Amino acid sequence: MIIDGKKVANKIKEDLKKEVSMMQIPPTLAVVQVGDDPASNSYIKAKEKGCSEVGINFKHLKFKDDINEDELILEIVKLNNDKLVDGILVQLPLPNNLDENKVLNTINKDKDVDGLTTINAGCLFQNNITLAPCTPLGIIKLLEEYNISLEGKHVVIVGRSNLVSKPLAMLLLEKNATVTICHSKSINLEKYTKEADILISSVGKKHLIRQDMVKDNAVVIDVGISRDNTKLYGDVDFDNVIKKASYITPTPGGVGPMTVAMLLSNVVKAKRRLCNDKY
Ligand code: NAP
């Protein structure tokens, strides 16, 4: 069965739209971008479109890639202090001259809708989930929507990023899954992937996951994105792996729309928490 991320995301957005319509002042998301990376531009466009669908105000602060770290930090502090801004997201990657950790950790933890500050990552580590990263949240939601149970399942994640794989492992542990994380230095990747009841790949390499690397009836979730000219590919050789998988996400139309939907959900959550649930 193909997991329809777009359909699930639309359902989440419909619910959020109703919730936002009941607020006296709609939430505001501020997206901070440095430089003019084409992939970042298209991700930001998708976020802006999602916000407008749900009724969330969208503020886009775009800086030249020669902005210095202190100036950028000052801009984020201004957003922290702005009572009309509920969520702040710094679009990654940042240019190499900027310290990503330092910039991210400037964001007020209560407005950190990407869940990437050290404090929110630590909360997730301690099962005290406040604002968690959007892609892992979206993957858990997709599995729930399709009634795919996690308890006792062996989940193998390929990739060890702070953005996706590590927070995802924490959320899966909380759901009582057994989790294995593989990365570029793992020896004999297929030995692990073949053991997965649920295989999740977040690498960014076209067709890294072949049919022979997947167990019969496994659930396969494809996070990775790579571009070949203008065409988008996932990490999974979809046309062949689908013959073996019980459930599989397509690219595009799988995890991507869920990432945006969970971002919008985090913005609404941040607004609710900042207002102590009083609209
Ligand atoms: P990342 O920071 O891009 O790192 C890639 C990870 O893949 C690293 O941990 C790397 O291992 C591992 N890796 C590289 N080659 C490998 C190989 N041959 N075998 C096993 N592991 C390998 O990770 P990310 O931020 O999670 O992003 C991964 C991909 O997902 C990208 O294509 C990104 O665009 C996409 N993405 C999609 C969404 C969405 O909404 N669909 C959201 C976020 C990201 P090392 O640590 O050893 O280098």
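Located above this text is the structure these notes cover.
Here is what the cut-offs are and how they apply
- Residues numbered from 1 in each chain as written.
- Predicted model: local features only at pLDDT ≥ 70, side-chain atom pairs only at ≥ 80, totals over all residues.
- Heavy atoms only, no water.
- Pairing = 2+ DSSP bridges.
- Helix = DSSP H or I, 4+ residues; strand = E, 2+ residues; numbered from the N terminus.
- Right-handed = clockwise from strand over helix to strand, strands pointing away.
- Core = buried A, V, L, I, M, F, W, Y, C linked by side-chain atoms within 4.5 Å.
- Buried < 20%, exposed > 50% of the residue type's maximum accessible area, 1.4 Å probe, protein only.
- Contact = heavy atoms within 4.5 Å.
- Axes fitted to C-alpha atoms, helices over the stretch in contact; angles between N-to-C directions.
- Arc of directions from axis to C-beta.
- Salt bridge = Lys/Arg side-chain N within 4 Å of Asp/Glu carboxyl O.

Draft legend 1. Expanded view of the pairing of strand 2 (residues 57–63). Examined bridge by bridge, strand 1 (residues 28–34) and strand 2 share 7 bridges and lie parallel to one another. Directly across from Ala30, in strand 2, lies its bridge partner Lys59. With respect to chirality, the unit in which strand 1 leads through helix 2 (residues 38–54) into the neighbouring parallel strand 2 is right-handed.

Draft legend 2. Local environment of the nonpolar core. In terms of nonpolar packing, the biggest core is built from 51 residues, with Leu29, Ile56, Leu172 and Ile200 touching the most fellow members. Among the elements that take part in this core, helix 10 (residues 255–274) stands out by supplying 10 residues, more than any other. Beyond its immediate chain neighbours, meaning those up to four positions away, Ile56 contacts Val20, Pro27, Thr28, Leu29, Cys51, Leu264, Val267 and Val268. Val34, Val85, Val103 and Ile107 belong to the second largest nonpolar core, which has 18 residues in total.

Draft legend 3. View of the sheet that holds strand 1. Within the open sheet, the 3 strands sit side by side as 2-1-3. Their pairing is parallel. The sheet is open, and its two edges are formed by strand 2 and strand 3 (87–90), each paired on a single side. Neighbour to neighbour, the strand axes of the sheet diverge by 15° on average, direction disregarded. When strand 1 meets strand 3, the two strands line up parallel, connected through 4 bridges. Counted as the bridge partner of Leu29 is Gly87 from strand 3. Of the strands in this sheet, strand 1, strand 2 and strand 3 touch helix 2, which is tilted by about 160° from strand 2.

Draft legend 4. View of helix 5 (residues 118–125). All buried positions along helix 5 are accounted for by Asn120, Cys123 and Leu124. Seen along its axis, helix 5 keeps its buried residues to an arc of 100°; they face one direction. Projecting away from the buried face of helix 5 at angles above 90 degrees are the exposed residues Thr118 and Phe125. Elements in contact with the buried residues of helix 5: helix 7 (165–174). Where helix 5 ends, the next residue or the one after it, Asn127, has phi of about 60°, a positive value.

Draft legend 5. Quick peek at the pattern of salt bridges. Inspection of the entire model under this criterion finds 15 salt bridges. Ionic pairing is found between Glu69 and Lys102, a salt bridge with its closest N-O pair at 3.2 Å. Residue Glu69 is found in helix 3 (residues 69–81), and its partner Lys102 is found in helix 4 (residues 100–104); the two are separated by 33 residues along the sequence. For Lys102, a relative accessible area of 43% translates into the label partly exposed. A salt bridge links Asp197 to Lys215; its shortest N-O distance comes to 2.7 Å. One end of the pair, Asp197, is in the loop between helix 8 (189–193) and strand 6 (198–201); the other, Lys215, is in the loop between strand 6 and strand 7 (219–222), and 18 residues separate them in sequence. For Lys215, a relative accessible area of 31% gives the class partly exposed. Bridged by salt links that share partners, the residues Lys13, Lys49 and Glu53 form one connected network.

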